[in-house]
Amino acid sequence: MYPLTFEEFLLEFNQKLAELIRESYTSDEPLSEGLHKQALDLYLQYLVVGGMPEVVEEYRKNANYTMVRAKQISICNNYVSDMNKHTETKTQAIRNEAVYNTLPSQLAKENRKFQYAKIKSGARANDYENSLGWLEKASLIIRCNKASEGKEPLASYEDFLSFKVYMSDVGLYCAKSNISHLSVLGRTMGDTAKGALIENYVAQQLHAKGHKLYYWESNNQAELDFIHMP
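The rules behind the values
Residues numbered from 1 in each chain as written. Predicted model: local features only at pLDDT ≥ 70, side-chain atom pairs only at ≥ 80, totals over all residues. Heavy atoms only, no water. Helix = DSSP H or I, 4+ residues; strand = E, 2+ residues; numbered from the N terminus. Buried < 20%, exposed > 50% of the residue type's maximum accessible area, 1.4 Å probe, protein only. Contact = heavy atoms within 4.5 Å. Areas by Shrake-Rupley, 256 points an atom, 1.4 Å probe, with all protein chains shown as cover.

Before going further, it helps to examine the overall build of the protein chain. Helix and strand counts for the protein chain stand at eleven helices and four strands. For the protein chain, the spread of C-alpha atoms along the three principal axes comes to 55 × 45 × 30 Å. Residues counted as buried form 42% of the 230 residues belonging to the protein chain. Considering only contacts in the protein chain between residues 6 or more positions apart, those separated by 24 or more positions represent 61%. As displayed, the protein chain has an accessible area near 12,600 Å², and 50% of this comes from carbon and sulfur atoms.

Moving on to unusual backbone geometry. For the peptide bond that leads from Glu 152 to Pro 153, omega is -10°, which places it in the cis range. Within the fold, Pro 153 resides in the loop between strand S1 (141–147) and strand S2 (158–167). Its identity as a non-glycine residue notwithstanding, Ala 63 has a phi of 50°, on the positive side. Looking at where Ala 63 falls in the secondary structure, it is placed in the loop between helix H4 (53–62) and helix H5 (65–86). Residue Arg 187 is not a glycine yet carries a positive backbone phi of 55°. By secondary structure assignment, the location of Arg 187 is in the loop between helix H10 (181–185) and helix H11 (191–208).

All quantities given are derived from atomic positions and should not be read as evidence of function.
See below:
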């Protein structure tokens, strides 16, 4: 079960607006300025709150971002606790936690490709590949592999050694990165931080729709964050 998508979040908080957005998309007619502002405000709220049902319910009841953040931190801490309970060895649990804790710094870079050196100096892929697999199977992360060519089928051009890792929920990413709701709602975030947050949002929405994620880059000169073949 995935966290709520933005569409589901809209249905929870403003069903009529969600219906109007669908109508606008179908008719290829823009929303009115007032409705567009409402939709943008809800989108920014979603970036902060995310889609974890427990967190969304807290926000619905109290609309208090401090309580929302407390719920999110509690969920992240519970994930770490589960790693210790459900991993065969202590070493593996420590590595799982190390990978999970490094996600904010991985995405904070302008080049968001996953780097093992961010975990610790001298870290090797062989030591942490199992942790990435464990976190992905537990639905805590979303992996996006590089495609060396933008051709069909993309799987034929998949580069398993070059990849990005996103958190499964954009709200948890906000909490884990200690991003203030004021900077998101006030649109005062720096370009790199904002880009990482929005990338994580897009990854979550695509993943929830069942899309396998790929990105493409060309000699570090050009990059497409996500590519998809219809």
